[in-house]
Amino acid sequence: MGKKLVMAQKRGETRALCLGVTMVVCAVITYYILGTTVLPLYQKSVWTQESTCHLIETNIKDQEELEGKKVPQYPCLWVNVSAVGRWAVLYHTEDTRDQNQQCSYIPGHLDNYPVARADVEKVRARFHEHQIFYCFSTTQENETSVLYRRLYGPQALLFSLFWPTFLLTGGLLIIAMVKINQSLSILAAQK
């Protein structure tokens, strides 16, 4: 009976150690992936200064009004604001600015024009309701654009690091508990 109990403990301890080591390895791999994808985007982000924006005007541009350039056919919201004592163009996020510099907001339903137009109208109405809001600007003097929301801010970085940290801590705790259990059972067997 005693030998079966020791074998069961060893099998359970081995499985727990494998689980703990697997959790630690997965956390390390996730840290590597985040360190090569999210961290450089966070470090490159120049939109660090939080400022107050005052709405100047909003305009919805349809595909015919976009100065003859080839752009996707969807309604486009253009927002001008006053931020940090100068005129600026407001962009929803960093990605919006990279996708189309002629649009402040790109709707989510690009395949359905009436739904996209209603989405743009709703966002425009929200801007007219709240004409003073917080935005993010850069410290560069010649920059004439600001962001409504940062994709790669400190909150996004902390959120993306939460689960790997939780996984690493849990794996290390499991390994520590198994090692403590093994040392206590060795001490008990010596008595």
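Scope of this entry: the structure provided in the associated data block. Treat the numbers as computed from the prediction; the structure is a model and nothing was measured.

**Comments concerning the overall build of the chain**
Here's step 1: A tally of regular secondary structure across the chain gives four helices and five strands.
Here's step 2: Walking the chain from its N terminus toward its C terminus, one meets helices and strands in the order α-β-β-β-α-α-β-β-α.
Here's step 3: Every one of the 191 residues in the chain was classed for burial, and the buried ones make up 33%.
Here's step 4: The long-range share in the chain, meaning contacts at least 24 apart out of those at least 6 apart in sequence, stands at 74%.
Here's step 5: Total accessible area on the chain is roughly 12600 Å²; 62% of this is exposed by carbon and sulfur atoms.

**Examining the nonpolar core**
Here's step 1: Counting 16 residues, the largest nonpolar core has Cys 53, Leu 77, Val 79, Val 81, Leu 90, Phe 127 and Val 146 as the members making the most contacts within it.
Here's step 2: Going through the elements one at a time, strand 1 (49-61), strand 2 (76-83), strand 3 (86-91), helix 3 (113-129) and strand 4 (132-137) are the ones with two or more residues in this core.
Here's step 3: Among the elements that line this core, the one with the most residues is strand 2, at four residues.
Here's step 4: Beyond its immediate stretch of four places on either side in the chain, Leu 90 contacts Val 79, Val 81, Ser 104, Phe 127, Phe 133, Cys 135, Val 146, Leu 147 and Tyr 148.

**Description of the state of the cysteines**
Here's step 1: Throughout the structure, instances matching the rule amount to two disulfides.
Here's step 2: Cys 53 shares a disulfide with Cys 135; S-S distance 1.8 Å. Here Cys 53 and Cys 135 share a disulfide; its torsion about the S-S bond, 75°, makes the bridge right-handed. Placement of Cys 53 in strand 1 and of Cys 135 in strand 4 is noted, with a sequence separation of 82 residues between them.
Here's step 3: In this model Cys 76 forms its disulfide with Cys 103; the gap between the sulfur atoms is 1.8 Å. What sets the handedness of the Cys 76 and Cys 103 disulfide is the S-S torsion sign, and at about -135° it is left-handed. One end of the pair, Cys 76, is in strand 2; the other, Cys 103, is in the loop between helix 2 (94-99) and helix 3, and 27 residues separate them in sequence.
Here's step 4: Among the residues examined, Cys 76 registers a relative accessible area of 0% and is labelled buried.
Here's step 5: With its disulfide-bonded cysteines labelled consecutively along the sequence, the chain is connected as 1-4, 2-3.

What counts and how
Residues numbered from 1 in each chain as written. Predicted model: local features only at pLDDT ≥ 70, side-chain atom pairs only at ≥ 80, totals over all residues. Heavy atoms only, no water. Helix = DSSP H or I, 4+ residues; strand = E, 2+ residues; numbered from the N terminus. Buried < 20%, exposed > 50% of the residue type's maximum accessible area, 1.4 Å probe, protein only. Contact = heavy atoms within 4.5 Å. Areas by Shrake-Rupley, 256 points an atom, 1.4 Å probe, with all protein chains shown as cover. Core = buried A, V, L, I, M, F, W, Y, C linked by side-chain atoms within 4.5 Å. Disulfide = S-S within 2.5 Å.

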